[in-house]
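Coordinate analysis (summary)
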Amino acid sequence: MEERMIDDEYGRGVRLKKTKDGYVDATDELAEGANVENEEAALAEDEIAFAFPVDEEENEESFAEMTAEEVAAFKKRREEEALAKKAVYDQLCKEGEELLATGSFKAAELKYEKALKYDDEATEASVGYWRAKTADFTDPDVLVNEYMDESIESLEYDLGYAATDIIREKYEDVFKAKLDELTAEEEPLRADVEGKQRHRREILKARRLKRGIFFAIAAIPLLACLLLTVFFGMKNFTTRGNEYIGVTIGMAAASVVFFIVFAVFTNRFINACRMYRKNERLDETDDGARLLEIELLKKIYEGLLPIAYEEEQEEETTVVAEE
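Every value quoted in this text rests on a predicted model; they were computed, and no experiment measured them. (Residues numbered from 1 in each chain as written. Predicted model: local features only at pLDDT ≥ 70, side-chain atom pairs only at ≥ 80, totals over all residues. Heavy atoms only, no water.)

1. Comments concerning the packing of aromatic side chains
For clarity, the cut-off: Centres within 6.5 Å are what make two rings of Phe, Tyr or Trp a pair, Trp counting through its six-membered ring; a difference in plane orientation under 30 degrees is then read as stacked, over 60 as edge-to-face, and the rest as tilted. The way it works is that DSSP assigns letters per residue, a run of H or I at least four long becomes a helix, a run of E at least two long becomes a strand, and they are numbered from the N terminus. For every residue, the accessible area obtained with a 1.4 Å probe (protein chains only) is divided by the maximum for its type, and the residue is called buried under 20%, exposed over 50%, and partly exposed between those limits. Remark: a charge is flagged as sitting over a ring if the NZ atom of Lys or the CZ atom of Arg is within 6 Å of the ring centre and within 35 degrees of the ring normal.
The tally for this structure, following the rule as stated, stands at nine aromatic pairs. Ring centres of F215 and F269 lie 5.3 Å apart, and the angle between their planes is 15°; this geometry places the pair in the stacked category. Here F215, found in helix 8 (residues 172-235), pairs with F269, found in helix 9 (residues 245-279); they are 54 residues apart in sequence, far enough to count as distant. Note on F215: relative accessible area 25%, which makes it partly exposed. Of the residues examined, F269 reaches a relative accessible area of 23% and is grouped as partly exposed. The residue whose ring lies beneath R208 is Y276, and the NZ or CZ to ring-centre distance is 4.1 Å.

2. Examining a nonpolar patch on the surface
Our working definition: Within the patch definition used here, like charges are joined within 9 Å and nonpolar side chains (Val, Leu, Ile, Met, Phe, Trp, Tyr) within 5 Å, considering only residues with over 30% relative accessible area and no salt bridge. For accessible areas, the Shrake-Rupley method is used with a probe of radius 1.4 Å. Any residue's cover is judged against the shown protein chains and nothing else. By convention in these notes, a salt bridge is any Lys or Arg side-chain nitrogen within 4 Å of a carboxyl oxygen on Asp or Glu.
A surface patch of nonpolar side chains, about 390 Å² in accessible area, is lined by L209, I213, F214 and I217. Tracing the sequence through the fold places I217 in helix 8. A relative accessible area of 49% means that I217 is categorised as partly exposed.

3. So, unusual backbone geometry
Look at A122: it is not a glycine, yet its phi comes out positive at around 50°. You can see A122 is positioned in the loop between helix 3 (105-115) and helix 4 (123-133). According to the relative accessible area criterion, A122 is buried, its value standing at 2%. A positive phi angle is found at D136, which is not glycine, with a value near 60°. Take D136: it is sitting in the loop between helix 4 and helix 5 (141-146). On the basis of relative accessible area, D136 is assigned to the partly exposed category, the value being 30%.

4. A word on the nonpolar core
Condition: Among the buried residues, those of types Ala, Val, Leu, Ile, Met, Phe, Trp, Tyr and Cys that are joined through side-chain atoms within 4.5 Å form a nonpolar core. Residue contacts are defined here by distance: any two heavy atoms, one from each residue, within 4.5 Å place the two residues in contact.
In terms of nonpolar packing, the biggest core is built from 36 residues, with L155 and F175 touching the most fellow members. Counting residues per element, the ones that place at least two in this core are helix 2 (68-101), helix 3, helix 4, helix 5, helix 6 (152-159), helix 7 (161-170), helix 8 and helix 10 (286-304). If you tally residues by element for this core, the top one is helix 10, at six residues. For F175, the contacting residues outside a window of four places in its chain are F137, P140, I167, R168, Y301, L304 and L305.

5. Remarks on the packing of helix 4 against helix 7
Selection criterion: Note on definitions: angles span 0 to 180 degrees between N-to-C directions of axes, and those axes are lines fitted to C-alpha atoms, for helices only across the stretch in contact. Every angle not falling under 35 degrees, over 145, or within 65 to 115 is termed oblique; those three ranges are roughly parallel, roughly antiparallel and roughly perpendicular. Each helix crossing is assigned a hand: it is left-handed if the near helix lies turned anticlockwise from the far helix by less than a right angle, otherwise right-handed if that turn is clockwise.
Closest axis-to-axis distance for the helix 4/helix 7 pair is 8 Å, and the angle between their directions is 50°. One way to sum up the angle between helix 4 and helix 7 is to call them oblique. For the crossing formed where helix 4 meets helix 7, the hand is right-handed. Seen from helix 4, the contacting residues are T123, S126, V127 and R131; seen from helix 7, they are A162, A163, I166, I167 and K170.

6. Thoughts on the side chain of E186
Selection rule: In protein, a polar contact requires one atom able to donate a hydrogen and another able to accept it; more generally it is a pair of N or O atoms within 3.5 Å, and residues adjacent in sequence count only if both atoms are side-chain atoms.
Tracing the chain through its elements places E186 in helix 8. For E186, a relative accessible area of 10% puts it in the buried group. Among the polar contacts made by the side chain of E186, one reaches the side chain of K298 at a distance of 2.8 Å.

7. A short note on helix 7
For clarity, the threshold we go by: By construction, the arc corresponds to the directions joining the helix axis to the C-beta atoms.
A163, T164, I167 and R168 are the residues of helix 7 that are buried. Down the axis of helix 7, the smallest arc covering the buried residues is 140°, so these residues share one side. Facing away from the buried side of helix 7 by over 90 degrees, the exposed positions are Y161, E169 and K170.

8. Details of the pattern of salt bridges
In this structure the tally under the stated criterion is 21 salt bridges. Between K298 and E186 there is a salt bridge, and its shortest N-O distance comes to 2.8 Å. Here K298, found in helix 10, pairs with E186, found in helix 8; they are 112 residues apart in sequence, far enough to count as distant. A salt bridge links E295 to R190; the shortest N-O distance between them is 2.5 Å. Note that E295 is positioned in helix 10 and R190 in helix 8, a separation of 105 residues in sequence. By relative accessible area, which is 27% here, E295 ends up partly exposed. A single network of salt bridges, built from pairs that share partners, joins E186, R190, E194, E295 and K298.

9. Here's the deal with helix 9
As a reminder of what qualifies: A helix's residues, less one, multiplied by 1.5 Å, set its expected span.
The end-to-end C-alpha separation of helix 9 is 51 Å, in line with the 51 Å expected for 35 residues at 1.5 Å each. What helix 9 keeps buried is the set T248, A254, S255, F262, T266, A272, C273, Y276 and N279. The inward-facing, buried residues of helix 9 contact helix 8.

Just geometry here; none of it tells us what the structure is for.
Here is the structure:
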């Protein structure tokens, strides 16, 4: 047999038992005549037993075996708990707002952080929390840096869509100004970074080609000496005399010398290739890393602006491109 126990936080259970015939028998522990005295023995005999909570508020059938008074008491208790949580939430948000008004941002942050635990959506607390973290958005980078390596969708999900919309509307001018500031910094920086990158690319490309040629040249005598060493070495087994011994040793010694030369040119060629690849990565220089950071920051700031503004920017970009 297979038996499963379903218990909620108030101790009420529903027993699901799979019989040998393959049927499932459900028994309410509160129903009259339910027998749970031999629970330990039953669990020891059964193959599977586990427990998980039942949300009686959403499942009306769970009230079927309860009296009207019990149902009313249960619902009243739930309502009282919800009201108590809301009262605490509202009080914390009120205290947080008062602290924000006085510029006590750290204290306000702690209040809102605590309030977040008392409401599922917590829109007001989420907005207040980030107002406190960013000193009322005088330093919006505090928020944006949190999601710089992720996306605006992650930010909206974590803060809540309603809270994000409130922040968008209230601090639109702040985000526009920050985006304009980043754009103004990006344009000359990009020109400088890409100009230096192109200059280095030409030098490194020529160096890579030159060292590649020396690498190929050094490989030719090495391969030739190795082949001759093998050739004359095999010749020693085809004659009675030792006339090929000296030549074999000479070719082997030359192979060692040419191998050392080949290793030197190989190392130089590998380094030239490595430097060329490194130059193509922007994050290898401080200015390039800053340029990449600006690009990521701009994506988040653009996502924080209203859709109408984004469409306006796209239209301006299209017009400039057409001209």
